[in-house]
Amino acid sequence: MSMNAPAITTKPPLNSNPVAPDTTPMLELRDISTHYGAICAVNGVSLQVRRGEIVSLIGANGAGKTTLLMTVCGNPRASGGSIWFEGEDITNLPTHQTMRKGIAISPEGRRVFPDLTVTENLKMGGFFLDKTAIDAGMKHVFKLFPRLQERANQRAGLMSGGEQQMLAIGRA
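Residues numbered from 1 in each chain as written. Predicted model: local features only at pLDDT ≥ 70, side-chain atom pairs only at ≥ 80, totals over all residues. Heavy atoms only, no water.

**Student:** Is there a simple way to explain the side chain of Ser82 in this structure?
**Tutor:** Tracing the backbone through its elements, the reader meets Ser82 in strand E5 (residues 80–85). For Ser82, a relative accessible area of 14% gives the class buried. A distance of 3.0 Å separates the side chain of Ser82 from the side chain of Trp84, its partner in a polar contact. Residues contacting Ser82, with those up to four places away along its chain left out, are Glu28, Leu29, Arg30, Ile32, Asp89 and Thr91. (Helix = DSSP H or I, 4+ residues; strand = E, 2+ residues; numbered from the N terminus. Buried < 20%, exposed > 50% of the residue type's maximum accessible area, 1.4 Å probe, protein only. Polar contact = N/O pair within 3.5 Å; in protein donor to acceptor, adjacent residues only side chain to side chain. Contact = heavy atoms within 4.5 Å.)

Right, dumping it as structure tokens:
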């Protein structure tokens, strides 16, 4: 269950600005290792993500992809290496402080709150934000996923699987 060399693909930033992109990593993992007790789930992973990049982490089941992403969020903790976000070492930050910096995971399996409406689910994603930031975030999500705006007052559990996935991504 070790992840020595993840397959990572990147695409150029999705902007039409011809100015040279910022080469400073927004997120940088340096030699990250993560253990569950004596079991090494992630071993020595390093990668950089720059603002605007789309990065894919590819590997077999059990290779440590989800563990690596969860480690970035602080649970489980990295047993070695360091995690940098926007120039700050966040390796040992509590998870709630990491979330306040804007790092989130869209869980697999469309984990939405089925009895809450679309709007209520999106507000849960902005738990640490003020009302102005929540409203701006919801406006952004509705621009990305107009179908969610159409369903704003519908309970999430009554939506299709694809709509629930949009909601899970939007909430993150």
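**Student:** Quick question: what am I supposed to make of the nonpolar core here?
**Tutor:** One broad trend across soluble globular proteins is that nonpolar side chains are buried collectively. By size, the foremost hydrophobic cluster in this structure holds 16 residues, and its most contacted members are Leu27, Leu29, Ile32, Leu68 and Ile83. If you list the elements that add at least two residues to this core, you get strand E2 (25–36), strand E3 (39–50), helix H1 (65–73) and E5. A total of 4 residues in this core trace back to one element, the largest contributor, which is E3. Residues in contact with Ile83, not counting those within four places in the same chain, are Leu27, Glu28, Leu29, Ile32, Thr71, Val72, Glu88, Asp89, Ile90 and Thr91. Grouped together as the second largest cluster of nonpolar side chains are 14 residues, Leu122, Ile134, Met138 and Leu148 included. (Core = buried A, V, L, I, M, F, W, Y, C linked by side-chain atoms within 4.5 Å.)

**Student:** Explain the environment of Thr34 to me, please; I cannot follow it from the model alone.
**Tutor:** Of note, Thr34 is situated in strand E2. Considering only alpha carbons, one finds Thr34 and Asn75, 41 residues apart in sequence, at a separation of 9.9 Å. Leave out the neighbours within four places in its chain, and Thr34 touches Ile39, Cys40, Ala41, Val42, Thr67, Thr71, Pro76, Arg77, Ala78 and Ser79.

**Student:** Explain the packing of helix H3 (residues 118–125) against helix H6 (residues 161–171) here, please?
**Tutor:** Two quantities define a packed helix pair, namely the angle between the axes and the distance from one axis to the other. The N-to-C vectors of H3 and H6 enclose an angle of 30°; their axes lie 8 Å apart at closest approach. Here H6 runs roughly parallel to H3, going by the angle between their axes. Between H3, through Val118, Asn121, Leu122, Met124 and Gly125, and H6, the contact on the second element is made entirely by Leu167, Gly170 and Arg171. By residue class, the composition of the contact of H3 with H6 is 4 nonpolar, 3 polar and 1 charged. (Axes fitted to C-alpha atoms, helices over the stretch in contact; angles between N-to-C directions. Parallel < 35°, antiparallel > 145°, perpendicular 65-115°, else oblique. Nonpolar A, V, L, I, M, F, W, Y, C, P; charged D, E, K, R; others polar.)

**Student:** Got a minute to help me understand the pattern of salt bridges in this structure?
**Tutor:** Any two side chains of opposite charge can pair, on the condition that their charged atoms come close. In total, this model carries 7 salt bridges according to the counting rule given. Here Glu86 ties to Arg51 by a salt bridge, and the two come within 2.6 Å at their closest N and O atoms. Of this pair, Glu86 sits in the loop between E5 and strand E6 (88–89) while Arg51 sits in the loop between E3 and strand E4 (54–58), placing them 35 residues apart in sequence. Judged by its relative accessible area of 47%, Glu86 falls in the partly exposed class. Residue Glu163 pairs with Arg147 through a salt bridge whose shortest N-O separation is 2.7 Å. Residue Glu163 is located in helix H6, and its partner Arg147 is located in helix H5 (residues 146–150); the two are separated by 16 residues in the primary sequence. When salt bridges that share partners are traced, they join Arg147, Glu150, Arg151 and Glu163 into one network. (Salt bridge = Lys/Arg side-chain N within 4 Å of Asp/Glu carboxyl O.)

**Student:** Can you help me understand the pairing of E3 in this one?
**Tutor:** On a regular strand, each side chain points to the face opposite its neighbour's, so the side chains alternate between the two faces of the sheet. In this sheet, E3 lies alongside E2 in antiparallel orientation, the contact comprising 8 bridges. Within the sheet, the bridge partner assigned to Leu27 lies in E3 and is Val49. Between the end of E2 and the start of E3, which pair antiparallel, lie 2 residues, with Gly37 showing a positive phi angle near 65°. (Pairing = 2+ DSSP bridges.)

**Student:** Before we go on, may I ask you to explain the side chain of Gln164 in this structure?
**Tutor:** Structurally, the position occupied by Gln164 is in helix H6. Look past the residues within four positions of Gln164 in its chain and what remains in contact with it is Arg110, Val112, Ala156, Gly157 and Met159.

From the geometry alone we can't say anything about function, so treat these as descriptive.
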